[in-house]
Amino acid sequence: MGGVTVRLDDLPLRDDLRGMTPYGAPQAPLPVALNVNENTHPVPSDVADDILDAVARALRDVNRYPDREFTTLREAFAQYLGHGLGVEQIWAANGSNEVLQHILQAFGGPGRTAMGFAPTYSMYPILTRATGARWIAGEREHDFALSADSAAAQVRAHRPDIVFLCAPNNPTGTPLRLDVIEAVYDATDGVVIVDEAYEEFAPRDEPSAVTLLPGRPRLVVSRTMSKAFAFAGARVGYLAADPAFVDALRLVRLPYHLSALTQAAATAALGHADTMLAMVDEIVAQRDRISATVSALGYTAHESWTNFVLFGGVDDPAATWKALYDRGVLIRDVGIANHLRVSAGTEDETTAFLDALASVGSRS
């Protein structure tokens, strides 16, 4: 059948969604892709074999609905996080983005506001607006840091219903100290989300926000298996919070939202946590190598507690990005003036990026 092509604007879309842009990063079949903060190390063979066995066993009962409460997986997350957490304090979903969406559906929505400190993870405002709430962009210092006094003052001024704290921050890599979280929590009657997607790449002696959960029922700590666990394709995120907070999320989740195959794969991977996390040290070494080398080339490498490096002093980010692309290396222009971001890959991938950047020309 022929006919006139319908445009998005011709559809009866919600007014508050008009003009929004979907989240997305460039995807291209280049030899070295270091643009979306993936763990580029493959899952070790013995771990992959165990995951395959677990999925195969789950397939035998795939005609039945999965465990709606994904109890075994929650027990595994509680054991992994430690700090005396119980299964009743754990929640999980299809990636940390769905975890955050559940929180916004339960505690945000029309007539409410959510706040973060820009620049930060670009999905926060997208998820906020998509669930009907209004986004408020707070400010960071010139070096992207966030102090307890400044953060608390901004929260008191705007009185948001939900506050996002990315710790460490994406896309800048900036550390976030626990005193900032405590100050923000005390400054609001709303929900405080600490997004620890990159926590495993922070220094080992730095405490997690999980240690702040006792006595703070409006605090939630979100994590993901995508980064340190090299599990991005499996889409598994989780959080720790007060049991009452977890109960609230049951009001908005879809029935049986975590498939039996996802539960089986994630539980098996968590059983090999030590092996999976052994990759973290190598990634951190490559991250620090990137920071040192881009600095030597005359750029400004910002402090990073993640698996990526944001570097400034780029005269023309679009041209530099394209020059690297032409050399087979894909990194990310995150929209911060005179900056680009690169993920820490394997040693060979890191070398390819650094060689390509050097061939583009140093600033020294």
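The structure presented is a predicted model; accordingly, all values stated were derived computationally and were not measured.

1. Notes on the sheet that holds strand β12 (residues 339–343)
Then, number 1: Spatial strand order, β9-β10-β12: three strands in an open sheet with antiparallel pairing. In this open sheet, the two strands that pair with only one neighbour each are β9 (300–301) and β12.
Then, number 2: The sheet contact formed by strand β10 (residues 308–312) and β12 spans five bridges and is antiparallel. If you follow V309 over to β12, its bridge partner there is V342.
Then, number 3: Against the sheet, helix α9 (residues 273–296) makes contact with β9, β10 and β12, and its axis sits at roughly 15° relative to β10, the strand it touches most.

2. Focus: the layout of surface pockets
If a probe the size of a water molecule is rolled over the atoms, the empty space left behind becomes visible.
Then, number 1: A volume near 790 Å³ is recorded for the largest pocket.
Then, number 2: Looking at the largest pocket, it is lined by 34 residues, and the ones nearest its centre are Y23, V36, Y121, K227 and R332.
Then, number 3: For the lining of the largest pocket, a count of residues per class yields 17 nonpolar, 11 polar and six charged.
Then, number 4: Domain assignment of the residues forming the lining of the largest pocket places at least three in each of domain 1 (8–36 + 279–361) and domain 2 (45–272).
Then, number 5: Roughly 330 Å³ of internal volume is contained in the second largest pocket.
Then, number 6: Taken together, 14 residues form the lining of the second largest pocket, with Y80, E199, E200, R204 and R223 sitting closest to its centre.
Then, number 7: Taken together, the elements giving at least two residues each to the lining of the second largest pocket come down to α2 (71–81) and α9.
Then, number 8: Along the lines of polarity and charge, the residues of the lining of the second largest pocket split into seven nonpolar, two polar and five charged.

3. Digging into the UniProt feature "domain: Aminotransferase class I/classII large" (unreviewed entry) in the chain
Then, number 1: UniProt tags residues 32–357 as "domain: Aminotransferase class I/classII large" (unreviewed entry).
Then, number 2: Annotated as residues 32–357, this span is 40% helix and 16% strand, and its ends, taken at the C-alpha atoms, are 13 Å apart.

4. Some details on the pairing of strand β6 (residues 191–195)
Then, number 1: Burial of β6 is extensive: five of the five residues sit out of reach of the surface.
Then, number 2: Burial along β6 is two-sided: V191, I193 and D195 and V192 and V194, pointing in opposite directions, are all buried.
Then, number 3: Of the pairings in the sheet, the one linking strand β5 (residues 162–166) to β6 comprises five bridges and is parallel in character. Looking across to β6, one finds that F164 is bridged to I193.
Then, number 4: In this structure, β6 lies alongside strand β7 (residues 219–224), joined through four bridges in parallel fashion. Its bridge partner being in β7, V192 is matched across the sheet by L219.

5. Here we look at helix α1 (residues 45–59)
Then, number 1: For α1, built from 15 residues, the straight-helix expectation of 21 Å at 1.5 Å per residue is met to within 8% by its first-to-last C-alpha distance of 21 Å.
Then, number 2: What α1 keeps buried is the set V47, I51, A54, V55 and A58. The arc that holds the buried residues of α1, viewed along the axis, is 100°, so those residues lie on one side. Residues of α1 that are exposed and point over 90 degrees away from its buried face: S45 and L52.
Then, number 3: Where α1 is buried, its residues contact α8 (260–270) and α9.

Each value, and the rule that gives it
- Residues numbered from 1 in each chain as written.
- Predicted model: local features only at pLDDT ≥ 70, side-chain atom pairs only at ≥ 80, totals over all residues.
- Heavy atoms only, no water.
- Pairing = 2+ DSSP bridges.
- Helix = DSSP H or I, 4+ residues; strand = E, 2+ residues; numbered from the N terminus.
- Contact = heavy atoms within 4.5 Å.
- Axes fitted to C-alpha atoms, helices over the stretch in contact; angles between N-to-C directions.
- 1 Å grid on protein atoms, 1.4 Å probe; cavity = no way out; pocket = protein on both sides within 12 Å on 5 of 7 lines; lining within 4 Å.
- Points joined across faces, edges and corners; volume = space filled by probe spheres on them.
- Nonpolar A, V, L, I, M, F, W, Y, C, P; charged D, E, K, R; others polar.
- Domains from an automatic or database assignment.
- UniProt positions renumbered as here; feature names shortened; annotations may be inferred.
- Buried < 20%, exposed > 50% of the residue type's maximum accessible area, 1.4 Å probe, protein only.
- Expected span 1.5 Å × (residues − 1).
- Arc of directions from axis to C-beta.

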